[in-house]
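Understanding the architecture of this molecule
Read off the chains here:
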Amino acid sequence: GIQVDLAAGAAALVVFADHRLPAAASWIRTDATDLTAGRWTLDVDGHGQHGRVVRHQMTLDRLRDWQAVPELADVSGHATYRINVTLPATWLEPGNKVVLDLGAVHDMAIVTVLGKQQLTLIAPPFDADITAMLRPGLNQLQIGIFNSPNNAMIDSKKPGLKNLKPQPAGLLGPVKLIRKQRRPTP
């Protein structure tokens, strides 16, 4: 059996890997673009403590934990982050792949590019090959984030909830687009 010790309000996901899978092709990182400090739009729809409904739209100059944003410090729910990225055509040439690395995510992410083809990422590492979703030039990346209900449940007046501690929330990054090339075979 497996024993997992969790703090009050914590959750865990156990993933069993099949080591019999064939080895992945070897790739070399050739370029990267860090989007963390880019111009992000953020739409939040959730609940705060004591059942307060929270709906905020804002622009961020960099990604940060919701606890660092006064309007979002106690929010649990869903947020949509959007950023426009101009991708050079060379990134999509044959033999290349583009990986989106979201960095730290609390707690689950759904990735959409150009309004279609969703990927769901539920556990670290929060990265995925999005080559087929991209086109040369302007691309809009949309990352939907769902955090745990913990932060909205904290209530110092309720015995079962007063010991909960604030948890990180949102897309913290660093968010990077990484171009990789297939390693030449010897």
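If you're wondering where the values come from, they're calculated on a predicted model, not measured in any experiment.

Reading guide: rules and limits
Residues numbered from 1 in each chain as written. Predicted model: local features only at pLDDT ≥ 70, side-chain atom pairs only at ≥ 80, totals over all residues. Heavy atoms only, no water. Helix = DSSP H or I, 4+ residues; strand = E, 2+ residues; numbered from the N terminus. Buried < 20%, exposed > 50% of the residue type's maximum accessible area, 1.4 Å probe, protein only. Contact = heavy atoms within 4.5 Å. Pairing = 2+ DSSP bridges. Axes fitted to C-alpha atoms, helices over the stretch in contact; angles between N-to-C directions. Core = buried A, V, L, I, M, F, W, Y, C linked by side-chain atoms within 4.5 Å.

1. Looking at the environment of isoleucine 130
Within the secondary structure layout, isoleucine 130 lies in the loop between strand S9 (127-129) and strand S10 (137-146). Since its relative accessible area comes to 0%, isoleucine 130 is described here as buried. When the C-alpha atoms of isoleucine 130 and arginine 183 are compared, they prove to be 19 Å apart, with 53 residues separating the residues in sequence. Ignoring anything within four residues of it in the chain, the contact list for isoleucine 130 reads Val98, Leu100, Val113, Leu119, Leu141 and Leu177.

2. Here we look at the sheet that holds strand S1 (residues 27-34)
Read across the sheet, four strands follow the order S1-S12-S5-S9 without closing on themselves; strand pairing throughout is antiparallel. Both edges of this open sheet fall to S1 and S9, since each of them pairs with a single strand only. Taking each pair of neighbouring strands and ignoring which way they run, the sheet shows an average axis angle of 25°. In this structure, S1 lies alongside strand S12 (residues 176-182), joined through seven bridges in antiparallel fashion. The residue of S12 that forms the bridge with aspartate 34 is lysine 176.

3. Some details on the nonpolar core
Counting 38 residues, the largest nonpolar core has Trp40, Tyr81, Leu102, Leu141, Ile143 and Leu171 as the members making the most contacts within it. Mapped onto this core, the elements with two or more residues apiece are strand S2 (40-47), strand S3 (53-60), strand S4 (76-87), strand S5 (96-101), strand S7 (108-113) and S10. Once residues within four sequence positions are removed from consideration, leucine 141 is found in contact with Leu35, Tyr81, Arg82, Ile83, Val85, Leu100, Thr112, Val113, Ile130 and Leu134.

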